[in-house]
Amino acid sequence: MPEDYDVIIIGTGAGGGTLAHTLAPSGKRILLLERGDFLPREMDNWSPDAVFVDGKYVSPDTWYDSEGNAFQPQVHYFVGGATKLYGAALYRLRPQDFGDIHHMDGLSPAWPLDYDDFEPWYTKAEWLYQVHGTRDEDPTEGHWSKPYPWPAVSQEARLQDIYDALKKKGYHPFSAPVGIMLDEADRPRSNCIRCAWCDGYPCLVHAKCDAEVIAVRPVLDLPNVSLLVDAEVLRLETDPSGRTVTGVVVQRDGQEEVYSGDIVAVCAGASNSAKILLQSANDQHPKGLANGSDQVGRNYMFHNCKAVAALGKELNPTVFQKTLGINDFYLSNKHQPWPLGNIQMIGKSNAGAMKGEEPKLTMLAPRWSLDDVAEHSVDWWLTTEDLPMPENRVTVDKNGDVHLAYKSTNDKEAEGLYEELKKVLNHVGLAQHHVLDKNFYMCMNVPIAGVAHQAGTCRFGTDPATSVLDANCKAHELDNLYVVDTSFFPSIGAVNPALTAIANAIRVGEHLTERLG
């Protein structure tokens, strides 16, 4: 294998995998470096106990919080990155998310690009990742240049009842945009079987539109694309001027190897991309590579999230539940002084997942009672925007261990969104049927270890004093270094970040194709 490439891409998730897919047709020599390996196809892919209780696919990493307490982050190192276990909820940011938004706890800052700039890339991302959805149902939706490539996933009976009740009460429910290879018009030929094992599980039949299936595997047969697995990038080396990355130092099979490329793109996820840059400190970059602004690792965000299982006497036999969203509370208005966020459905509860997600809450409950609870649950996911605070940051100690200092923001807005959800539930016939004839909600706040929506740490902007990257996601201080994952987000909005990361990777990939000629 040669050691010199046109482009080296570190990471194969929504950012890195999509970037490789975009660049591959150029014929340029591309090296993909993946810290993990291919996720094995096995029956445990769909086992709640294996996935949620045993954490079989979670990395054994140990990180530390601001107090020095060790924790295991819920990160996944596989070809395809975090998308291997994501729920394939592929939302666009709202147009307002690209501008300044005032929150109870501070300002969500504007991006150097606006929604109009991103719209063509969102469209390309939706078509590449085969998103199902319906336009013009959600009043907060931005303008669009093409319809979704696939019709919305149909609502199962229980969800259709909720959808209809919400419409009747004046809400604006919409069909959630999801990336799955489902053809409901031709089920015998459909890759997706519409199972219950999508949200938080690997897809055993490779029918989830993750970065491995959609972006990486289709280009691996090309002669100009190479992939190294079990290859952890330790640091980047530069020339004496500090302006050019000249070497990517990789640990593989217990040995260090060095690869060089004309362009180096770091796409390891917000925390690990920051880690690589910080570990690459040298005489020209004493605070870490590209860190003259002292912004690398800062402004870490991961959403203020809550999972809610609303329990009622009526059975909920829904299998694929991620088909409905509500953005009525996303933006501020005359009745609501602050933006509260997004409400959507999550994967259907089961006893194994409940046992794993909240063991302290359920450790006294026998398995049969959790099964009964799960059969009656309607499951919701609440997302409130997290603000980019400089003190919320990733640092790396002398041993190379990640330290994550984080304090949540907009907690009162998140509480407000939960109160609105309870009103919603009272309107859809759940309240009078709840267990013990009262409103009963099993709530699970996402702890610091839940890093699936991590973003920030290397934000892009026009001012090198306050940002790490320029508008094309190139480091201000280096000529050939790009960061192409959710690290570049100046703010995170209140919807899942994956589609924006994918759209940006296509955008940067096309820029690099032009740059490389």
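Note that the structure is a prediction, hence the values are computed from the model and not measured.

Draft legend 1. Here's a closer look at the packing of aromatic side chains. By the definition in use, this model includes 20 aromatic pairs. Both rings, one in Tyr300 and one in Tyr406, keep their centres 6.1 Å apart while their planes meet at 80 degrees; by these two values the pair is edge-to-face. Residue Tyr300 is found in the loop between α6 (270-279) and β14 (304-311), and its partner Tyr406 is found in the loop between β19 (402-405) and α10 (411-427); the two are separated by 106 residues along the sequence. Judged by its relative accessible area of 17%, Tyr406 falls in the buried class. Among the aromatic residues, ring-to-ring pairing joins Phe98, Trp111, Tyr115, Phe118, Tyr122, Phe460, Phe488 and Phe489 into one connected group. The lysine or arginine in question, Lys146, covers the ring of Trp127, its NZ or CZ lying 3.9 Å from the ring centre.

Draft legend 2. Representation of unusual backbone geometry in the model. Of note, His303 is a non-glycine position whose phi angle comes to about 75 degrees, a positive value. Within the fold, His303 resides in the loop between α6 and β14. Even without a glycine there, the phi angle at Thr457 is positive, about 85 degrees. When you line up the elements, Thr457 lands in the loop between β20 (441-445) and β21 (481-483).

Draft legend 3. Up close: the pattern of salt bridges. Under the criterion given, the structure shown has 26 salt bridges. Between Asp210 and Lys84 there is a salt bridge, with its nearest N and O atoms 2.9 Å apart. In this pair, Asp210 is assigned in the loop between β9 (178-179) and α5 (211-216) and Lys84 in the loop between β4 (70-71) and β5 (101-103), connecting sequence segments 126 residues apart. Lys84 matches Asp210 in its accessibility class, with the two residues each being buried.

Draft legend 4. Highlighting the environment of Gln74. Tracing the backbone through its elements, the reader meets Gln74 in the loop between β4 and β5. Judged by its relative accessible area of 37%, Gln74 falls in the partly exposed class. As a C-alpha pair, Gln74 and Ile10 span 64 residues in sequence and 20 Å in three-dimensional space. Only 3.5 Å separates the side chain of Gln74 from the backbone oxygen of Gln72, close enough to count as a polar contact.

Draft legend 5. Just the pairing of strand β16 (residues 342-345), in detail. Across the two faces of β16 the burial is the same, with Asn342 and Gln344 and Ile343 and Met345 all buried. Pairing analysis gives four bridges linking β16 to strand β17 (residues 377-384), with the strands arranged antiparallel. Counterpart to Gln344 in the pairing with β17 is Trp381.

Draft legend 6. Representation of the nonpolar core within the structure. In this structure, Ile9, Ile10, Leu19, Leu33, Tyr129, Leu236 and Leu481 are the most contacted members of the largest nonpolar core, which totals 114 residues. The biggest single contributor to this core is helix α11 (residues 498-516), with nine residues. Excluding anything up to four places from it in sequence, Leu481 contacts Leu236, Val245, Val264, Val266, Leu277, Leu289, Ala290, Cys473, Lys474 and Ala475. Membership of the second largest hydrophobic core comes to 23 residues, among which are Ile326, Met345, Trp380 and Leu425.

Draft legend 7. Quick look at the side chain of Thr140. Mapped onto the fold, Thr140 is located in the loop between β7 (131-132) and α4 (157-168). Separated by 3.5 Å, the side chains of Thr140 and Asn327 make a polar contact. What Thr140 contacts, discounting residues up to four positions off in sequence, is Arg94, Pro95, Asn327, Tyr330 and Leu331.

Draft legend 8. The arrangement of the sheet that holds strand β18 (residues 393-396) in detail. Strand order across the open sheet formed by four strands is β4-β3-β19-β18, with mixed pairing between neighbours. Looking along the sheet, the strands with just one partner apiece sit at the ends: β4 and β18. With two bridges joining them, strand β3 (residues 63-65) and β4 adopt antiparallel strand pairing. Bridging across to β4, Tyr64 finds its partner in Ala70.

Draft legend 9. Summary view of the packing of helix α3 (residues 115-128) against α11. Where α3 meets α11, the closest approach of the two axes is 8 Å, and the angle between their N-to-C directions is 110 degrees. Our classification of the angle between α3 and α11 gives roughly perpendicular. Residues Phe118, Trp121, Tyr122, Lys124, Ala125, Glu126 and Leu128 of α3 form the contact with α11, whose own contacting residues are Leu499, Thr500, Ile502, Ala503, Asn504, Ile506, Arg507 and Glu510. Classifying every residue of the contact of α3 with α11 gives nine nonpolar, two polar and four charged.

Draft legend 10. Expanded view of the environment of Ser487. Here Ser487 lies in the loop between β21 and α11. When the C-alpha positions of Ser487 and Lys208 are compared, they lie 24 Å apart, and in sequence the two are 279 residues distant.

Draft legend 11. Molecular detail of the confidence of the model for the chain. Looking at the chain, the pLDDT average stands at 93 and 93% of residues meet or exceed 70. Across residues 432-439, confidence stays below pLDDT 50; counting only partners more than four residues off in sequence or on other chains, it has 16 contacts.

Draft legend 12. Region of the structure containing helix α1 (residues 16-23). α1 sits mainly inside the fold: seven of its eight residues count as buried. Among all positions in α1, only Gly16, Gly17, Thr18, Leu19, Ala20, Thr22 and Leu23 are buried. Along its buried surface, α1 packs onto β1 (4-10), β2 (30-33), α3, α5, β13 (255-266) and α11.

Draft legend 13. Structural view of the packing of α1 against α11. Relative orientation of the contacting elements α1 and α11 amounts to 40 degrees, with a least axis distance of 8 Å. Here α1 and α11 pass one another in a crossing that is right-handed. In contact with Thr18, Leu19, Thr22 and Leu23 of α1, α11 contributes Ile502, Ala505, Ile506, Val508, Gly509, Glu510, Leu512 and Thr513.

Cut-offs applied
- Residues numbered from 1 in each chain as written.
- Predicted model: local features only at pLDDT ≥ 70, side-chain atom pairs only at ≥ 80, totals over all residues.
- Heavy atoms only, no water.
- Phe/Tyr/Trp six-rings, centres within 6.5 Å; stacked < 30°, edge-to-face > 60°.
- Helix = DSSP H or I, 4+ residues; strand = E, 2+ residues; numbered from the N terminus.
- Buried < 20%, exposed > 50% of the residue type's maximum accessible area, 1.4 Å probe, protein only.
- Lys NZ or Arg CZ within 6 Å of the ring centre and 35° of its normal.
- Salt bridge = Lys/Arg side-chain N within 4 Å of Asp/Glu carboxyl O.
- Polar contact = N/O pair within 3.5 Å; in protein donor to acceptor, adjacent residues only side chain to side chain.
- Pairing = 2+ DSSP bridges.
- Core = buried A, V, L, I, M, F, W, Y, C linked by side-chain atoms within 4.5 Å.
- Contact = heavy atoms within 4.5 Å.
- Axes fitted to C-alpha atoms, helices over the stretch in contact; angles between N-to-C directions.
- Parallel < 35°, antiparallel > 145°, perpendicular 65-115°, else oblique.
- Nonpolar A, V, L, I, M, F, W, Y, C, P; charged D, E, K, R; others polar.
- pLDDT = per-residue confidence, 0-100.
- Left-handed = near helix turned anticlockwise from the far one by under 90°.

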